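# Secondary and tertiary structure notes
Here is what each chain is made of, one letter per residue.
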Amino acid sequence: TTTKVGSLVLPKGHGRTQSQDLVWSADGKHLLVAQLRYGEKGNEATSWIDWVSPSKLEVIRGGTKVDGVIDSLCWDGQGRLLATHARSRPMKRVTIDTETGALTDLATLDEKLWIRSLAWRTSGAELWALHMRASEKESDLLLRLSPTTGAVLYTVKLDLGEIATSLVIDVDGNFLVAGDKEGLFRVDVATGKSRRLPKATGARFTGIVTGR
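What counts and what doesn't
- Residues numbered from 1 in each chain as written.
- Predicted model: local features only at pLDDT ≥ 70, side-chain atom pairs only at ≥ 80, totals over all residues.
- Heavy atoms only, no water.
- Helix = DSSP H or I, 4+ residues; strand = E, 2+ residues; numbered from the N terminus.
- Polar contact = N/O pair within 3.5 Å; in protein donor to acceptor, adjacent residues only side chain to side chain.
- Salt bridge = Lys/Arg side-chain N within 4 Å of Asp/Glu carboxyl O.
- Buried < 20%, exposed > 50% of the residue type's maximum accessible area, 1.4 Å probe, protein only.
- Pairing = 2+ DSSP bridges.
- Axes fitted to C-alpha atoms, helices over the stretch in contact; angles between N-to-C directions.
- Contact = heavy atoms within 4.5 Å.

### A look at the side chain of Gln20
Looking at the secondary structure, you find Gln20 in strand 1 (residues 17–24). Of note is the side chain of Gln20, whose polar atom sits 3.4 Å from the side chain of Asp71.

So, in structure tokens, the structure goes:
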């Protein structure tokens, strides 16, 4: 069951801006939202992090703007805010300074990958990622990545019947993947089998986080 809370209100309106992903701030008081604004030519992109009030859904302040796409926000086991950043493939795995929004490169990912979500699994200190396919010739994938190098350690092929758009690991350690046809799926990473939850979400999720 999905409950719509409201619309995120940007200070200058949405325009050509869309929200890519979100995560709670370290103190749980704000939502950090990765924003993406397209240029007038359509192939230019600028990204930044907004600090958002979860009660009013208003932007409190914004971070440093950078060229390219910031996505896949995720806290790791060292208290670092991870993300992906790219102007084109290959993507970079980066950390974000939560005071300024500045990025620091950690690793370069495989050039075949387009990561839409990162998720930290406390059990085993594992970093997981969701690769969203770019064409029907590809497959959506769940990947376990090396936290240090970004290398792919384990691959799970997804066959959801819709394009995977977002990943979250819930408080019980279950893997939940959202799809572009309003589906939400539980995925068993040991077998790759998925089960669609009975109700459609009514939305196309680009980011999911557990509650605080």
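### Some details on the pattern of salt bridges
One pass over the structure, following the stated rule, counts seven salt bridges. Residue Arg121 pairs with Glu126 through a salt bridge whose shortest N-O separation is 3.2 Å. What makes Arg121 partly exposed here is its relative accessible area of 24%. It is possible to trace a salt-bridge network through shared partners that takes in Arg133, Glu136 and Asp140.

### Remarks on the sheet that holds strand 14 (residues 164–169)
In space, the four strands of this open sheet follow the order 14-15-16-17, with antiparallel pairing throughout. Only two strands of the sheet have a single partner each, and these edge strands are strand 14 and strand 17 (194–196). Taken pair by pair, the neighbouring strands of this sheet meet at an average axis angle of 25°, ignoring direction. Of the strand pairs in this sheet, strand 16 (residues 184–187) and strand 17 are connected by three bridges, and their pairing is antiparallel. The residue of strand 17 that forms the bridge with Val187 is Ser194.

### Description of the side chain of Arg133
Looking at where Arg133 falls in the secondary structure, it is placed in the loop between strand 11 (126–131) and strand 12 (141–145). For Arg133, a relative accessible area of 16% corresponds to the buried category. A polar contact is formed between the side chain of Arg133 and the side chain of Asp140, at a distance of 2.7 Å. In this structure, Arg133 is in contact with Glu138, Ser139, Asp140, Glu162 and Ile163, ignoring residues within four places of it in sequence.

### Digging into the sheet that holds strand 11
Strand order across the open sheet formed by four strands is 10-11-12-13, with antiparallel pairing between neighbours. The sheet terminates laterally at strand 10 (115–121) and strand 13 (152–157), the two strands that pair on one side only. Each neighbouring strand pair of the sheet contributes to a mean axis angle of 20°, computed without reference to strand direction. Across five bridges, the pairing between strand 11 and strand 12 is antiparallel. When the sheet's bridge partners are listed, Ala129 is paired in strand 12 with Leu143.

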